[in-house]
Amino acid sequence: MKIFTYIMIALALGLVIFNITLLDFNNLFEGNSLIALIGIAASLCAVCILLIFRMSKMIDEKTRGN
C-alpha cells in the first residue's frame, strides 16, 4: 500500500506539471486555461488526500504496535 500511494502522488504531481504547461497566462480564466486550472486544483486535492491517508496509516501502525 505504501508503494501504491507514492506512485499515485507522483502521478498527481505529474498531472500538475502537465496542466501548468497548458496555462495561457494572458487569458487565465478562458478556454483550455480554465480546464487546466481545474485540473491543477483537482490534482493538488488528490495529493493532499493521499498524504492524509499515508499519515493515518503511519499512526495506525504505531498504535497497533502498543
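Note that the coordinates shown come from a computational prediction; the quantities given were computed from them, not determined experimentally.

1. Here's the deal with the overall build of the protein chain
Moving on, step 1. For the protein chain, the helix and strand inventory stands at two helices and zero strands.
Moving on, step 2. Here the protein chain has a C-alpha radius of gyration of 16 Å; the compact-globule value for 66 residues is 11 Å, and the former is much larger.
Moving on, step 3. Projecting the C-alpha coordinates of the protein chain onto the three principal axes gives extents of approximately 55 × 15 × 10 Å.
Moving on, step 4. Taking all 66 residues of the protein chain together, 21% fall into the buried category.
Moving on, step 5. Across the protein chain, every contact between residues at least 6 apart in sequence was considered, and the portion connecting residues at least 24 apart equals 55%.
Moving on, step 6. Summed over all atoms, the accessible surface of the protein chain reaches about 5100 Å², with 73% contributed by carbon and sulfur.

2. Some points on the UniProt feature "transmembrane region" (unreviewed entry) in the protein chain
Moving on, step 1. The UniProt feature table records "transmembrane region" (unreviewed entry) at residues 5-22 and 34-53.
Moving on, step 2. Strand forms 0% of residues 5-22 and helix 100%; the C-alpha atoms that close the span are 26 Å apart.
Moving on, step 3. Between the end C-alpha atoms of residues 34-53 the distance is 29 Å, and the span holds 100% helix and 0% strand.

3. With respect to the state of the cysteines
Moving on, step 1. For the structure on display, the rule yields zero disulfides.
Moving on, step 2. The thiol of cysteine 45 is unpaired, and the distance to the nearest cysteine sulfur, on cysteine 48, comes to 6.4 Å.
Moving on, step 3. Cysteine 45 sits in the partly exposed class, given a relative accessible area of 47%.

4. Notes on helix H2 (residues 32-64)
Moving on, step 1. Compared with the 48 Å implied by 1.5 Å per residue over 33 residues, the 48 Å span of H2 between its first and last C-alpha is a close match.
Moving on, step 2. Looking at the buried positions of H2, the neighbouring elements they touch are helix H1 (2-22).

Cut-off values and rules
All chains use their own residue numbering, which begins from 1 and follows the written sequence. The predicted nature of this model means local features are confined to residues of pLDDT at least 70 and side-chain atom pairs, given and counted, to a pLDDT of 80 or more, with totals for whole chains, interfaces and linings taken over all residues. With hydrogens and water excluded, all non-hydrogen atoms of the structure serve as input to the side-chain values. Per the convention used, a helix needs a DSSP run of H or I reaching at least four residues, while a strand needs a run of E reaching at least two, with both numbered from the N terminus. Only the C-alpha atoms count toward the radius of gyration. The rule for a globule is 2.2 Å times the residue count to the power 0.38. The buried label goes to any residue with under 20% of its type's maximum accessible area, the exposed label to any with over 50%, and the partly exposed label to all in between, with areas taken from a 1.4 Å probe on protein chains only. Note on contacts: a residue pair is in contact if any heavy atoms of the two residues lie within 4.5 Å. Surface accessibility follows the Shrake-Rupley procedure with a 1.4 Å probe radius. Residue values consider only the protein chains on display as shielding. UniProt positions are given in the numbering used here, feature names are shortened, and annotations may be inferred rather than shown by experiment. Throughout, disulfides are identified as pairs of cysteine sulfur atoms within 2.5 Å of each other. Expected helix span is computed as 1.5 Å times (number of residues minus one).

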